[in-house]
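Okay, here's what each chain looks like letter by letter:
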Amino acid sequence: MQTINNERFTILDYCQYLISSQINYTFTNLAEHLQKWSDDTIRRRLNKERITGRMVWESVKNHIEPDEEAFVLIDDSVLDKNYSQEIESVYYQYSGTEHRVIKGIGIINVVYVNPVSGKFWVVDFRIYNKILDGKTKIDHAMDMLQNLVFHKNLPFKRVLMDTWYSSQRLMKYIDDDLKKIYYCPLRENRLVDDSGGEERYKKVSDLIWTEIELEKGKTVKIKGFPQDKKVKLFRVTAKESRTDFVCTNDLSQDSSEVVQNVCKVRWKIEEFHREIKQESGIEQCECRKDRLQRNHIGCAMLVWARMKNLAYKTGKTIYQIKHQQLSNYLINELKNPSVPMAFA
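Owing to the predicted nature of the structure, the values given are computational and were not obtained by experimental measurement.

Calculation notes
- All residue numbers refer to positions counted from 1 along the written sequence of the respective chain.
- Only residues with pLDDT of at least 70 get local features here, since the model is predicted, and only at 80 or more are side-chain atom pairs given and counted; chain-wide, interface and lining totals rely on the full set of residues.
- To get the side-chain values, take all heavy atoms of the structure and skip hydrogens and water.
- Numbering of helices and strands starts at the N terminus; helices are DSSP runs of H or I of at least 4 residues and strands are runs of E of at least 2.
- In this analysis, the expected span of each helix is defined as 1.5 Å times one less than the number of residues it contains.
- Burial classes follow relative accessibility: with a 1.4 Å probe on protein chains only, a residue under 20% of its type's maximum area counts as buried, one over 50% as exposed, and anything between as partly exposed.
- Between two residues, a contact is recorded if the distance between any of their heavy atoms is within 4.5 Å.
- By convention, a stacked pair of Phe, Tyr or Trp rings (six-membered ring in the case of Trp) has centres within 6.5 Å and planes under 30 degrees apart, an edge-to-face pair has planes over 60 apart, and any other such pair is tilted.
- A ring is scored as having a charge over it whenever the NZ atom of a lysine or the CZ atom of an arginine sits within 6 Å of its centre and within 35 degrees of its normal.
- Axis geometry follows a simple rule: fit a line to the C-alpha atoms, using only the stretch in contact for helices, then measure angles between N-to-C directions, giving values from 0 to 180 degrees.
- Here the angle decides the label: under 35 degrees means roughly parallel, over 145 means roughly antiparallel, 65 to 115 means roughly perpendicular, and every other value means oblique.
- Basically, the charged four are Asp, Glu, Lys and Arg, the nonpolar ten are Ala, Val, Leu, Ile, Met, Phe, Trp, Tyr, Cys and Pro, and anything else, Gly included, counts as polar.
- pLDDT measures the predictor's confidence residue by residue and takes values from 0 up to 100.

Caption draft 1: Here's a closer look at helix H10 (residues 267-279). Taking 1.5 Å of rise per residue, 13 residues should cover 18 Å, and H10 covers 18 Å from first to last C-alpha, within 8% of that figure. Those residues of H10 that sit buried are Ile269, Phe272, His273, Glu275, Ile276, Lys277 and Glu279. Check the buried side of H10 and you find it contacts helix H1 (11-20), strand S1 (71-80), strand S3 (100-113), strand S4 (120-128), helix H11 (290-314) and helix H12 (318-335). Directly beyond the C-terminal end of H10, a positive phi value near 75 degrees is found at Gly281.

Now the structure itself:
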């Protein structure tokens, strides 16, 4: 007679699996090791859930160290699905990691950074699927910023964004509606005017810089912006082989060195992308259904938040937290080997 399992598979069970598993993150592998539920049962149960950015916020809000001078970082990441077949959420899109167009699932993330401790937390995310909801990445970014200010009431002063988000609409929204400061690099072919209207617009890369302007920045008008909306533009060295042109609505800013240090904070979100991809299995879901993919991504966010909290408490890295499980396994195996070595 078949034994009936009355226990329900929960999101907590699935998140624990994502923390514990080191390589394989499939439902089949989970079912084989739990030995309580079949992979079909796990799939049906997970398909009924709805893991959203609000659940991630609920899991991190009591651990955040708020600060009036805090940074909010906005950037997107593409989950590589190049070898997938018929996954509903997958579209061709540009990957900054791969530097090319790939098949993948796009995620827009918002990360909160404490300027004193340097600690950071993911506070919201959205899955980019314009065909499904009609929203652009700029729409998602504005929605999450609005939620952060008017619903989460999380204090911050500056918004740091990548080049992809340097749109007039978003920059105007941050400046006029949210009353926050933004820092954002411009593309080299973006047209600006540094002559006060006396000359034609020119590409950012064609601007001529004096020694004083290199040190203190220059005031420019970006083409398409209202006449009274000027920004301060800085030429900063991002890497040895790359120069960024960073604009800000803080017209009182007069130090390229300060701007360069501010821009370095943005790499916190790259650190987040690297950690969550390497240690949560966020890219490894093979399910075709959009809802299953979304819930898997949401669970991976919850798992990262949990491991990051443990890392802050113990003074370890997320990588140490994750791989400690393998270390504990090896210690136990060496003491009591399940496959003893013997010479014939």
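Additional details are given in the paragraphs that follow.
Caption draft 2: Spatial organisation of the environment of Leu178. Relative to the assigned elements, Leu178 resides in the loop between helix H7 (168-177) and strand S6 (181-186). Excluding its chain neighbours within four sequence positions, the residues that come into contact with Leu178 are Leu145, Val149, Phe150 and Tyr173.

Caption draft 3: Spotlight on the packing of aromatic side chains. In this structure the tally under the stated criterion is eight aromatic pairs. Between Phe9 and Trp37, the aromatic rings sit 5.4 Å apart at their centres with planes inclined by 75 degrees, giving edge-to-face as the arrangement. Within this pair, whereas Phe9 is found in the segment before H1, its partner Trp37 is found in the loop between helix H2 (27-34) and helix H3 (39-47), the two being separated by 28 residues in sequence. Across the pair, Trp37 and Phe9 agree in class, each one buried. Ring geometry for Phe272 versus Trp304: centroids 4.8 Å apart, planes at 85 degrees, classification edge-to-face. Placement of the pair is Phe272 in helix H10 and Trp304 in helix H11, with a sequence separation of 32 residues. Side by side, Phe272 and Trp304 carry an identical accessibility label, which is buried. Ring pairing ties together the aromatic residues Tyr14, Tyr17 and Phe27, which thus form one cluster. A cation over a ring is seen here: Lys180 above Phe156, with NZ or CZ 4.5 Å from the ring centre. Positioned above the aromatic ring of Trp267 is the side chain of Arg266, whose terminal nitrogen or guanidinium carbon lies 5.8 Å from the ring centre.

Caption draft 4: Up close: the packing of H3 against H11. Here H3 crosses H11 at 85 degrees, and the two axes come no closer than 9 Å. It follows from the interaxial angle that H3 and H11 lie roughly perpendicular. Contacts from Arg43, Leu46 and Asn47 in H3 reach Arg291, Leu292 and Asn295 in H11. Looking at the contact of H3 with H11 residue by residue, the class counts come to two nonpolar, two polar and two charged.

Caption draft 5: The confidence of the model for the protein, seen in detail. When pLDDT is averaged along the protein, the result is 92, and 98% of the positions lie at 70 or above. Considering each helix and strand of the protein separately, the mean pLDDT is smallest for strand S2 (residues 91-95), with a value of 83, and largest for strand S5 (residues 158-161), with 98.

Caption draft 6: Summary view of the environment of Leu132. Here Leu132 lies in helix H5 (residues 130-133). Leu132 has contacts with Asp290 and Arg294, leaving out every residue within four places of it along the chain.

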